[in-house]
Amino acid sequence: MINRMKFIFSITVCLLLAGLKGIAGDITEFNRHFRLLPQPQKVELLKAGGLPYAALRNIVLVNTRERPVMPPMLAAFPLAASPVAGSVSLVIRASLSLPSPEGYILEIKDRQVTIQAAQQAGLFYGLQTLNQLMEDSRDQGIDIPSCRITDYPEIAYRAVHLDWKHHRDVARYYYDMMDRRAAVKVNAVIVELEDKLR
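These lines cover the structure that appears in this document, whether it is placed above or below. (Residues numbered from 1 in each chain as written. Predicted model: local features only at pLDDT ≥ 70, side-chain atom pairs only at ≥ 80, totals over all residues. Heavy atoms only, no water.)

### Structural notes on a nonpolar patch on the surface
Together, Y175, M178, V189, V191 and L193 make up an exposed nonpolar region whose accessible area comes to about 440 Å². Looking at the nonpolar patch, the elements that each hand over two or more residues are α3 (171-183) and β8 (188-192). (Patch = residues over 30% accessible without salt bridge, like charges linked within 9 Å, V, L, I, M, F, W, Y side chains within 5 Å. Areas by Shrake-Rupley, 256 points an atom, 1.4 Å probe, with all protein chains shown as cover. Salt bridge = Lys/Arg side-chain N within 4 Å of Asp/Glu carboxyl O. Helix = DSSP H or I, 4+ residues; strand = E, 2+ residues; numbered from the N terminus.)

Below, the structure is given as structure tokens:
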């Protein structure tokens, strides 16, 4: 009887450990294929199937009329009246409870994407994360897994410093640089023109 109980206990422990390894392996696999910068606060994998990046085709605005500035892979998407397979729904929900007005919840399931935020800034940053997922999906030839990403900045002021006192470039360089920094959620630029003013 004791041997049987030990056997059942051993099998139970093995099954629990295998289940935990499977869950951890899924997130590990996600992080191996999708390099999100900065790392989101929380990524949850959902049970539904993945979504090929090329399946996305339009934007639906919910509770807002203002279309955010779109990252490169989404810039040409037309607006649609209601969500269908392949839609990216941008939802302003003032009651969304996140620690920052720049926070968002991005959910990919049922061959659709929904980004919820309390303000436009949250939609903008959610779109930047979706763009990163789409780029990694395209570059590796894999589907974006069904997931829910909750993210918000821990620091409200995230700046990059430009030193113009020693080097200046053409204006286009700086505009491109700002776009690249916005893609990784930098939200301010400090420009140093001179350090020896009288």
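### Re the environment of A159
Here A159 shows up in strand β7 (residues 159-163). Each C-alpha atom of the pair A159 and A188 lies 4.4 Å from the other, and the pair is 29 residues apart in sequence. With near-sequence residues (within four places) excluded, A159 lies in contact with V186, A188 and I190. (Contact = heavy atoms within 4.5 Å.)

### Concerning the environment of Q120
Position of Q120 relative to the elements: it lies in helix α2 (residues 120-140). In this structure, the C-alpha to C-alpha distance between Q120 and E102, residues 18 residues apart in sequence, is 7.9 Å. In this structure Q120 touches T64, E66, P68 and I92, once residues within four positions along its chain are discounted. Engagement of the side chain of Q120 in a polar contact is seen with the side chain of T64, the distance being 2.8 Å. (Polar contact = N/O pair within 3.5 Å; in protein donor to acceptor, adjacent residues only side chain to side chain.)

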